[in-house]
Amino acid sequence: MIIKPKKSLGQNFLIDKNIIKKIVEVGNVKNESTILEIGAGTGSLTEYILEKKPKKFFIIEKDKNLVDFLNNKFGKKIHTINDDVLNVTENLISTEKLIVFGNLPYNISTQILSKWITNLDQKNWYENYILMFQKEVANRILAATNSKEYGRLSILSNWKLDIKKILDINASCFMPKPKVTSTLLKFTPKKKFLKLKNPKNLEVVSRIFFNQRRKKIKNPLNQLFKKPDIIIEKLKLNINLRPQNLSPETYYLIAEEYEKLGN
Ligand code: SAH
């Protein structure tokens with residue numbers, strides 16, 4: 001069976017065996033692990049993950065042809081779900097905590113990351129997840145306060161996840177070759193984080209602040225709160241600062257105050 005990569009589904013298959021092995025090692029897969037691989041393609045990662053003999057192996061893959069291909073290749077060792085990952089309720093896949101691998105199209109990686117972070121059901125269904133991003137996006141996720149890349153993605157991602165950069169991956173490790181460098185990130189749930197009733201409020205707050213990136217923070221505070229002075233006093237905010245100068249923790253506290261208004 002010959003697989004012709006579909007551009008529309010962002011199909012860039014990993015071909016560099018050393019990189020594939022490195023990615024698999026990051027997952028720390030054991031005999032008792034349950035795996036979820038998203039966008040398995042032709043199974044280049046799948047094959048090496050299976051060598052670790054995990055207990056269970058689920059795959060979500062949107063392309064029906066590839067699902068047939070994978071079922072053919074790996075048979076009963078895998079359980080395939082032929083769907084768009086953005087439509088799947090991850091909580092329902094397994095009662096075990098999942099180790100998630102995803103070398104997905106970059107735009108899907110970012111969307112799925114936001115989806116998982118802002119899920120209302122805050123039950124942790126994963127042990128960790130390992131996702132591929134375009135390097136520039138990974139840098140925004142990892143960005144420190146006060147840096148140019150710091151923004152909504154950094155604030156949101158750091159809320160309940162520890163994030164570790166694993167490695168940059170050269171375009172030549174893929175077939176066909178993408179136009180950009182990739183970066184692999186590993187996300188692990190934080191033990192302690194500020195609980196929010198609805199994490200979407202954190203999205204709202206950070207969006208309002210960073211829509212006015214260059215303005216002082218008085219502006220977004222006025223927009224979010226009827227009585228901003230009370231919040232400024234309570235959180236000891238310096239109103240001469242700009243959005244990029246506030247730490248992620250400050251944004252979590254602002255989101256908490258915003259929720260108290262009934263949002
Ligand atoms: N992980 C494989 C394939 C990478 S290509 C490898 O490393 O070689 C990206 C894969 O994600 C393709 O197989 C594509 O069909 C699949 N995909 C793209 N969008 C998807 C979506 N929304 N949901 C699930 N799978 C998707």
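Residues numbered from 1 in each chain as written. Predicted model: local features only at pLDDT ≥ 70, side-chain atom pairs only at ≥ 80, totals over all residues. Heavy atoms only, no water.

Moving on: the packing of aromatic side chains. According to the stated counting rule, one finds eleven aromatic pairs in the structure shown. With 4.5 Å between their ring centres and 65° between their planes, W116 and Y129 make a pair best called edge-to-face. Here W116, found in helix α4 (residues 106-118), pairs with Y129, found in strand β6 (residues 126-134); they are 13 residues apart in sequence, far enough to count as distant. Residues W116 and Y129 agree in their burial class; the two are buried. Ring geometry for Y126 against Y129: centres 4.8 Å apart, planes inclined by 70°, an arrangement best described as edge-to-face. Residue class for Y126 comes out buried when judged on its relative accessible area of 2%. Here the aromatic residues W116, W125, Y126, Y129, F133 and F187 are joined through ring pairs into a cluster of three or more. Its guanidinium or amino end placed over the ring of F193, K195 lies 4.2 Å from that ring's centre, counting from NZ or CZ. (Phe/Tyr/Trp six-rings, centres within 6.5 Å; stacked < 30°, edge-to-face > 60°. Helix = DSSP H or I, 4+ residues; strand = E, 2+ residues; numbered from the N terminus. Buried < 20%, exposed > 50% of the residue type's maximum accessible area, 1.4 Å probe, protein only. Lys NZ or Arg CZ within 6 Å of the ring centre and 35° of its normal.)

The biggest cluster of nonpolar side chains holds 54 residues, and the ones touching the most others in it are Y129, F187 and F209. Counting only domains with at least three residues in this core, you end up with domain 1 (7-189) and domain 2 (200-260). Apart from residues lying up to four places away in sequence, F187 is in contact with L113, N128, Y129, L131, F133, I141, L161, D162 and I163. Among the nonpolar cores identified, the runner-up in size contains 27 residues, and I23, V24, V26 and C173 belong to it. (Core = buried A, V, L, I, M, F, W, Y, C linked by side-chain atoms within 4.5 Å. Domains from an automatic or database assignment. Contact = heavy atoms within 4.5 Å.)

All right, on to helix α10 (residues 248-260) then. Compared with the 18 Å implied by 1.5 Å per residue over 13 residues, the 19 Å span of α10 between its first and last C-alpha is a close match. Every buried residue belonging to α10 is among P248, T250, Y251, Y252, I254, A255, E257, Y258 and E259, and all of these are buried. Turning to α10, the residues buried within the fold contact α6 (152-160), α7 (200-210), α8 (218-224) and α9 (228-234). Downstream of α10 by a residue or two, G262 has a phi angle that is positive, lying close to 100°. (Expected span 1.5 Å × (residues − 1).)

Now for the site of the ligand. Around the ligand sit 21 residues in total, of which Q11, G39, S44, E61 and N103 are the nearest. Between the ligand and G39 there is a distance of 2.8 Å, counted from a nitrogen atom to a backbone nitrogen or oxygen. At a separation of 3.4 Å, a nitrogen atom of the ligand approaches a polar backbone atom of K62. Of the pockets mapped on this structure, the ligand occupies the largest pocket. (Near = heavy atom within 4 Å. Polar contact = N/O pair within 3.5 Å; in protein donor to acceptor, adjacent residues only side chain to side chain. 1 Å grid on protein atoms, 1.4 Å probe; cavity = no way out; pocket = protein on both sides within 12 Å on 5 of 7 lines; lining within 4 Å. Sits in = over half its atoms within 2 Å of the grid points.)

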